[in-house]
Amino acid sequence: MNQTPVSCLPNSSKMSKAKRVLEEAKEIQNPEIDLIDRNISTFEELPGLFSMLNITRLTLSHNKIKCKYLNNSTSSYYCCISNNFSAVPPGLANLTNLEILNLANNHLEELPLSLSSMPKLRILNLSFNRLYGLPRGFGAFPILEVLDLTYNNLNEKNLPGNFFMIETLRALYMGDNDFEYIPADIKNLKNLQILVLRENDLIELPKEIGELTRLRELHIQGNRLTILPPEFGNLDMAGHKSVFKLEGNEWVTPIADQLKLGISHLLDYLKSETYRISYTRYQTNKPPIPPPCIDKAKKISRIR
Amino acid sequence: MFRNMFKSQLPQDRSPDIPDLKPLECSVLYKRRAESREHLTEEIGDYDDLSEFSDQTFEVANYQYVCPTPDVVNQTLERKTSIVKVKAEWSNQRLNGAMSFDKMICSRCSEGFEPHEKIVNSNGELWHQQCFVCAQCFRPFKDGVFYEFENRKYCEHDFHVLFAPCCGKCGEFVIGRVIKAMNANWHPECFRCEMCTSELADSGFIRNAGRALCHECNAKVKAVGLGKYVCHKCHGIIDDQPLKFRGEVYHPYHFNCTACGVELDSNAREVRSRPGFAANDMNELYCLRCHDKMGIPICGACRRPIEERVVTALGKHWHVEHFVCAKCEKPFFGHRHYEKKGLAYCETHYHQLFGNLCFVCNQVIAGDVFTALNKAWCVHHFACSICDQKMNQKTKFYECDLKPVCKKCYEKLPTELRRRLRRQHEATPKKYPPPTVA
């Protein structure tokens, strides 16, 4: 991983440039491949990539890759016919040594099912795509540690059932999505240290987040939240090593007041008997749900 | 049985004819006892009775024990038997005129004597030669030695068979000193403490739960029952803190400080005068004051002196095995440790607790550390979060969700997002304003 990235010499055609990068990497046995901003839209443009089994990092940021081409080096149409939808075609999942896969800023709308079977994948960056959902069984990653889903079109309804079963996850970035609620299953992510839910449409947060004792970074700014479960007071968010961002919500007055005093004041208040009582009152007599604060129609991820 | 027969015969049969008995060798009793014949000695001595003295019986927890005073135990309480060992005189000559011949009668058959008959004279009593025989086997006494019991005379062998007591331990006859104790008879050398096997005949014993114990063992058993130690010197129970010295426990007041001579208390310290040697017979005792003056380092964990390898860290001394990670409590054993707020940590836990794990590889950062955005990176893992291109301390980067984004990538982000990020960045105060007094 500490080897120098392959240089991208300026060349005539983009196709041959990408090819050259791969060939050079093969020649010097470079396990880290960078193909950034090459206008790549299909894996056909990257012949032999799926046979480079030694690679540990593959960065394909700022391209135009669509989901269907992730599965196979051939076009999806051809793949459908030849495989008759039965077997998982050879694709990215072939790269069994891959530890870091970066597909940030592409045109992905769907993901192949086989992705979650990659045995060594630790970091998966799918930020700035057009994902409207995640495939069934997506939560089966054996050792995934960092999952970046920033700026997509995800919400609690299009998440697969086992999404929160990735116990090894230590950072989950889901900012700029469309969540209104977070499933209570999130408590399974025992190792989570970073949780970003910035600028979703969150109306309520589950009390189970209070069980994520390792959490050191929690971003919930820019949502439609009004109250917090008292269990949040258990989180170690007041230390100098912790970050708790919760601006841009329509907090009820007592929370807003404590927030002005500081995070530690807010946490103490959440833990207090006073808040526990007012929280039960809020449960029966809910504060009005604020309107969405961002007009998401302008989001690039919505382009279809 | 023999005796009964003999008794009934004695008055009628005046002539000392010998009944037709089976040879002695056929007797089972004889056979059993004959096996130990070599132990038989001519000396038949005292019978000691170490009967238990139960006046001072008292109960302590589960123990019923009898505490005799030694003089009573050792005292011969009763002389049970009187045994006369006689060497009979054989009178082969006619007795002189002092005793008239026709008045002389045999002590056994009451018949007179023939004029030329051999007469046996023993202690003034006279017998026909054929009447002067063992009351049991009717045979003459070997070498003229007989034993008398209840006015009857027995040869040595039959006397042992009939009257010598059997030892409760070895089952042999007890000849000589007999110890009567614990409802049995014993050889003095067979009656021993059941714990330490020391002889009890002269020291006395204490009955403890059906066992005969010496005073020391009894005290020990008693002390263990009470959860206390017994002083190795005075054998008394140690009620306060014991002092350990050369592997034994003592009352501290039996000792004085090697340096200043003050009487010791339980705070005294045993000092190994030959460090590194396993034997403790050179150890010495010092009072706490003198011990502290000797400059022996004290372990910061267990507060005990360190006599072997000393680890000096965090301004304190430690036993090698007591200098441990504050988190996992495993000793460092010379491995590198990390200090934080007066505590020492192993490499793994220091980084786990204090955050110097690389965000990308999640490993302890060995070399230089990049610290930014509440995270840390190895030098070669500090890269743009979107394009994975390496950055250095001079690279300008933007922040998005506390991830570094290089300038190139930031410019490729959706315009509306950039606008929001900029607005958020401007709105976020560097510090929360101090609380205002209402």
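Report on the accompanying structure. For every chain, the first residue of the written sequence is number 1, and numbering continues from 1 onward in sequence order. Labels are handed out in written order, letters beginning with A for the chains and numbers beginning with 1 for the ligands. For a predicted model such as this one, the threshold for reporting local features is a pLDDT of at least 70, and the threshold for listing and counting side-chain atom pairs is 80 or more; totals across whole chains, interfaces and linings nevertheless cover every residue. Water and hydrogen atoms play no part in the side-chain values, which are based on all heavy atoms of the structure.

## A few points about the sheet that holds strand 6 (residues 171-173) of chain A
All names here are of chain A. Two strands pair if DSSP finds at least two bridges between them. Helix and strand assignments come from DSSP, with helices taken as H or I runs of at least 4 residues and strands as E runs of at least 2, each series counted from the N terminus. Spatially, the nine strands line up as an open sheet ordered 1-2-3-4-5-6-7-8-9, and their pairing is parallel. With one partner strand each, in any of the chains shown, strand 1 (32-34) and strand 9 (243-245) form the two edges of the open sheet. Adjacent strand axes in the sheet meet at a mean angle of 5°, parallel and antiparallel pairs treated alike. Note that strand 6 and strand 7 (residues 194-196) share three bridges and pair parallel. To obtain an axis, a line is fitted to C-alpha atoms, over the contacting stretch when the element is a helix, and the angle between two such axes runs from 0 to 180 degrees between their N-to-C directions.

## Quick word on the interface of chain B and chain A
Note on contacts: a residue pair is in contact if any heavy atoms of the two residues lie within 4.5 Å. At the junction of the two partners, chain B supplies 32 residues and chain A supplies 50 residues. In total, about 3300 Å² of surface goes out of reach between chain B and chain A, with carbon and sulfur atoms giving 52% of it. The residue A:Arg198 makes a salt bridge to B:Asp401 at a minimum N-O spacing of 2.4 Å. For the purposes of these results, a polar contact is taken to be a pair of N or O atoms within 3.5 Å, where, inside protein, one atom must be able to donate a hydrogen and its partner to accept one; residues adjacent in sequence count only when each atom of the pair is a side-chain atom. In this assembly, chain B and chain A are joined by 18 residue pairs in polar contact (both at pLDDT 80 or more). Elements with a minimum of two residues in the side of chain B that touches chain A: strand 26 (397-400), helix 8 (407-412) and helix 9 (415-427) of chain B. The element that contributes the greatest number of residues to the side of chain B that touches chain A is helix 9 of chain B, accounting for four residues. Lys, Arg, Asp and Glu make up the charged group, whereas Ala, Val, Leu, Ile, Met, Phe, Trp, Tyr, Cys and Pro make up the nonpolar group; the residues left over, Gly among them, are polar. Of the residues assigned to the side of chain B that touches chain A, the class counts are 17 nonpolar, seven polar and eight charged. Here the buried area means the combined drop in accessible surface, using a 1.4 Å probe, for two parts upon being joined, counting both sides. Here a salt bridge means any side-chain nitrogen of Lys or Arg lying within 4 Å of a carboxyl oxygen belonging to Asp or Glu.

## So, the packing of aromatic side chains
Note on aromatic pairs: the rings of Phe, Tyr and Trp (six-membered ring only in Trp) are paired at centre separations within 6.5 Å, and the planes decide the class, stacked below 30 degrees, edge-to-face beyond 60, tilted for the rest. Considering all chains together, one arrives at 23 aromatic pairs over all chains under this definition. When the ring of B:Tyr250 is compared with that of B:Phe255, the centres are 4.8 Å apart and the planes differ by 85°; the resulting orientation is edge-to-face. Judged on exposure class, the residue B:Tyr250 and its partner B:Phe255 are both buried. Within the aromatic cluster, the residues linked to one another by ring pairs are B:Phe359, B:Phe370, B:Trp377, B:Phe382 and B:Phe397. Should the NZ of a Lys or the CZ of an Arg lie within 6 Å of a ring centre and within 35 degrees of the ring normal, that charge is described as sitting over the ring. Above the ring of B:Phe359, the side-chain terminus of A:Arg170 is found at 5.6 Å from the ring centroid. To sort residues, take the accessible area from a 1.4 Å probe on protein chains only and compare it with the maximum for the residue type: under 20% means buried, over 50% means exposed, and anything in between is partly exposed.

## As for a positive patch on the surface
On the surface, a cluster of positive charge is made up of A:Lys298, B:Arg419, B:Arg422 and B:Arg423. With respect to the secondary-structure elements, B:Arg422 resides in helix 9. Without a salt bridge and with relative accessible area above 30%, a residue can belong to a patch; like charges are then joined within 9 Å and nonpolar side chains (Val, Leu, Ile, Met, Phe, Trp, Tyr) within 5 Å. Values of accessible area rely on a 1.4 Å probe in the Shrake-Rupley scheme; residue burial ignores everything except the protein chains shown. The convention is simple: Lys and Arg are positive, Asp and Glu are negative, and His and the chain ends are not counted. Lys charges are placed at NZ, Arg charges at CZ, Asp charges at CG and Glu charges at CD.

## Quick look at the packing of helix 4 (residues 253-261) of chain A against helix 5 (residues 263-271) of chain A
Residue and element names in this part refer to chain A. Running from N to C, helix 4 and helix 5 cross one another at 140°; their axes reach a closest spacing of 5 Å. Our classification of the angle between helix 4 and helix 5 gives oblique. Seen from helix 4, the contacting residues are Pro-254, Ile-255, Gln-258, Leu-259 and Leu-261; seen from helix 5, they are Ile-263, His-265, Leu-266, Tyr-269 and Leu-270. Relative orientations are named as follows: roughly parallel for angles under 35 degrees, roughly antiparallel for angles over 145 degrees, roughly perpendicular for angles from 65 to 115 degrees, and oblique for any other angle.

## A word on the pattern of salt bridges
All names here are of chain A. Evaluated as defined, the whole model comprises 29 salt bridges over all chains. In this structure, the salt-bridge partner of Lys-190 is Glu-167, at a minimum N-O distance of 3.7 Å. Linking Lys-190 in the loop between strand 6 and strand 7 with Glu-167 in the loop between strand 5 (146-148) and strand 6, this pair joins segments that are 23 residues apart in sequence. Of the charged contacts, one joins Lys-299 and Asp-178 as a salt bridge, the two residues approaching to 4.0 Å between their closest N and O atoms. Here Asp-178 lies in the loop between strand 6 and strand 7 and Lys-299 lies in the segment after helix 6 (273-284), a separation of 121 residues in the sequence. Classification of Lys-299 by relative accessible area gives buried; the value is 4%. By relative accessible area, which is 13% here, Asp-178 ends up buried.

## Topic: the nonpolar core
Among soluble globular proteins, nonpolar side chains are generally buried collectively. Residues belong to a common nonpolar core when they are buried Ala, Val, Leu, Ile, Met, Phe, Trp, Tyr or Cys residues joined through side-chain atoms within 4.5 Å. Among the nonpolar cores identified, the biggest contains 77 residues, and A:Leu228 and A:Phe244 are the most heavily contacted of them. Put simply, the parts of the chain that give this core at least two residues each are helix 1 (14-27), helix 4, helix 5 and helix 6 of chain A. Among the elements that make up this core, the one with the highest residue count is helix 5 of chain A (five residues). Core analysis: the second largest hydrophobic core is formed by 37 residues, A:Ala104, B:Cys358, B:Ile365 and B:Cys406 among them.

## Details of unusual backbone geometry
Residues other than glycine predominantly adopt negative phi, and peptide bonds predominantly adopt the trans conformation. Backbone geometry at A:Asp37 places phi at a positive 55°, although glycine is not the residue there. Take A:Asp37: it is sitting in the loop between strand 1 and strand 2 (57-59). Residue B:His235 is not a glycine yet carries a positive backbone phi of 60°. By the secondary structure assignment, B:His235 is in the loop between strand 14 (229-230) and strand 15 (237-238).

## With respect to the pairing of strand 10 (residues 178-181) of chain B
All names here are of chain B. Examined bridge by bridge, strand 10 and strand 11 (residues 184-186) share three bridges and lie antiparallel to one another. Within the sheet, the bridge partner assigned to Lys-180 lies in strand 11 and is Asn-185. Hairpin geometry of strand 10 and strand 11 is characterised by an intervening segment of two residues between the two adjacent antiparallel strands and by a positive phi of about 50° at Met-182.

## A few points about helix 5 (residues 215-226) of chain B
Take the residue count of a helix, subtract one, and multiply by 1.5 Å to get its expected span. An ideal rise of 1.5 Å per residue puts 16 Å on 12 residues; helix 5 of chain B measures up with 16 Å between its terminal C-alpha atoms. Those residues of helix 5 of chain B that fall on the buried side of the exposure criterion are B:Cys217, B:Asn218, B:Ala219, B:Val221 and B:Ala223.

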